[in-house]
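Structural features, examined
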Amino acid sequence: MGGCWSEVFRRGEWGAAVFEVAPGNRGLVRDWAQRQRVPTASPREMHMPDVDAWAVLDGGITSIYGYGLTSLPCGIRVVGFQVFRLLLAELDLAGPVLPFDGETVLDPDELRLRHHSPQTHGPAAMEQAELLGACRDAVLLRWVAATLAASP
């Protein structure tokens with residue numbers, strides 16, 4: 001793909017490590033997420049927006065769509081600095097020159113190794129996907145992003 005990260009992502013208002021995917025690139029990120037062999041969650045409830053969630057590294061990707069009263073607009077979000085950096089490498093995007101506050105930048109090869117490690121399929125990763133799948137409103141997204149950021 002090539003280009004600059006800010007053409008595809010923008011910092012979200014839901015936490016330090018939450019990035020909103022630009023509308024024209026949502027399909028690209030969603031397609032990438034769907035090809036990954038990671039735990040997923042897709043809760044469906046009557047009169048609530050649908051959420052698809054993929055647990056990746058220190059966070060994951062959420063896709064919210066549908067109808068219902070919520071303080072979180074439809075869209076795709078990346079939660080976690082490591083998954084953000086992995087996506088930059090996978091999509092061949094130039095990243096920010098300086099790390100974000102609280103971010104430890106890892107080499108893309110290290111991120112890929114971690115992403116394909118056996119731990120990505122354990123019970124903790126499934127719980128992570130379920131947490132991300134609960135992000136139907138802004139309050140829950142902020143809480144989940146802070147919880148995942150605080151995890152070791």
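Being a predicted model, the structure only gives us computed values, none of them experimental.

**A closer look at the side chain of Arg85**
Examined against the element boundaries, Arg85 turns out to sit in helix α2 (residues 81-90). Arg85 gets classed as buried once you look at its relative accessible area, which sits at 12%. Not counting residues within four places of it along the chain, the set of residues in contact with Arg85 comprises Gly95, Pro96, Leu98, Pro99, Phe100, Glu103, Val105 and Leu111.

**Brief notes about the pairing of strand β4 (residues 50-56)**
Look at any regular strand and the pattern is simple: side chains alternate between the two faces of the sheet. Where burial is concerned, most of β4 is hidden: 6 out of the 7 residues are buried. Here 2 bridges tie strand β3 (residues 40-41) to β4, and the two strands are oriented antiparallel to one another. Looking at β4, one finds that Ala41 is bridged to Ala53. Of the pairings in the sheet, the one linking β4 to strand β5 (residues 59-65) comprises 7 bridges and is antiparallel in character. When the bridges of β5 are listed, Trp54 appears paired with Ile61. Linking β4 to β5, which pair antiparallel, is a turn of 2 residues; within it Leu57 sits at a positive phi near 50 degrees.

**Examining helix α1 (residues 26-35)**
Of the residues making up α1, those classed as buried are Val29, Trp32 and Ala33. Seen from one end, α1 has its buried residues packed into an arc of 100 degrees, which puts them on one side.

**Some words on the nonpolar core**
Within the largest apolar cluster, 26 residues are counted, with the highest numbers of intra-cluster contacts made by Phe9, Ile61 and Val78. Setting aside residues up to four positions removed in sequence, Val78 forms contacts with Phe9, Ala17, Val18, Phe19, Val21, Gly60, Ile61, Val83, Phe84 and Leu87. If you look at the next biggest cluster of nonpolar residues, it comprises 14 residues, including Trp14, Val51, Leu132 and Leu141.

**Observations regarding the packing of α2 against helix α3 (residues 108-115)**
Packed helix pairs are characterised by how far apart their axes lie and by the angle those axes make with each other. Running from N to C, α2 and α3 cross one another at 110 degrees; their axes reach a closest spacing of 9 Å. Compared by their axis directions, α2 and α3 come out roughly perpendicular. As for the relative orientation of α2 and α3, their crossing is left-handed in sense. Each of Gln82, Arg85, Leu86, Ala89 and Glu90 in α2 lies in contact with α3, whose residues at this interface are Pro108, Leu111, Arg112, Arg114 and His115. Per-class residue counts for the contact of α2 with α3 are 4 nonpolar, 2 polar and 4 charged.

**Some thoughts on helix α5 (residues 138-150)**
The end-to-end C-alpha distance of α5 is 18 Å, a good match for the 18 Å that 13 residues give at a rise of 1.5 Å each. Listing the buried residues of α5 in full gives Ala138, Leu141, Val144, Ala145 and Leu148. What you see down the axis of α5 is that its buried residues fit within an arc of 130 degrees, all on one side. Away from its buried face by more than 90 degrees, α5 exposes Val139 and Ala150. Taken together, the buried residues of α5 touch β2 (18-21), β5, β6 (75-79) and α4 (123-133). Where α5 begins, the side chain of Asp137 points an oxygen toward the backbone nitrogen of Val139, at a separation of 3.1 Å.

**A short note on the environment of Ala89**
Take Ala89: it is sitting in helix α2. Looking at Ala89, the relative accessible area reads 24%, which means it is partly exposed. On a C-alpha basis, the gap between Ala89 and Pro108 in space is 6.2 Å, while along the polypeptide they are 19 residues apart. If sequence neighbours within four positions are ignored, Ala89 has contacts with Pro108 and Arg112.

The rules behind the values
- Residues numbered from 1 in each chain as written.
- Predicted model: local features only at pLDDT ≥ 70, side-chain atom pairs only at ≥ 80, totals over all residues.
- Heavy atoms only, no water.
- Helix = DSSP H or I, 4+ residues; strand = E, 2+ residues; numbered from the N terminus.
- Buried < 20%, exposed > 50% of the residue type's maximum accessible area, 1.4 Å probe, protein only.
- Contact = heavy atoms within 4.5 Å.
- Pairing = 2+ DSSP bridges.
- Arc of directions from axis to C-beta.
- Core = buried A, V, L, I, M, F, W, Y, C linked by side-chain atoms within 4.5 Å.
- Axes fitted to C-alpha atoms, helices over the stretch in contact; angles between N-to-C directions.
- Parallel < 35°, antiparallel > 145°, perpendicular 65-115°, else oblique.
- Left-handed = near helix turned anticlockwise from the far one by under 90°.
- Nonpolar A, V, L, I, M, F, W, Y, C, P; charged D, E, K, R; others polar.
- Expected span 1.5 Å × (residues − 1).
- Polar contact = N/O pair within 3.5 Å; in protein donor to acceptor, adjacent residues only side chain to side chain.

What is shown is where atoms sit, not what they do.
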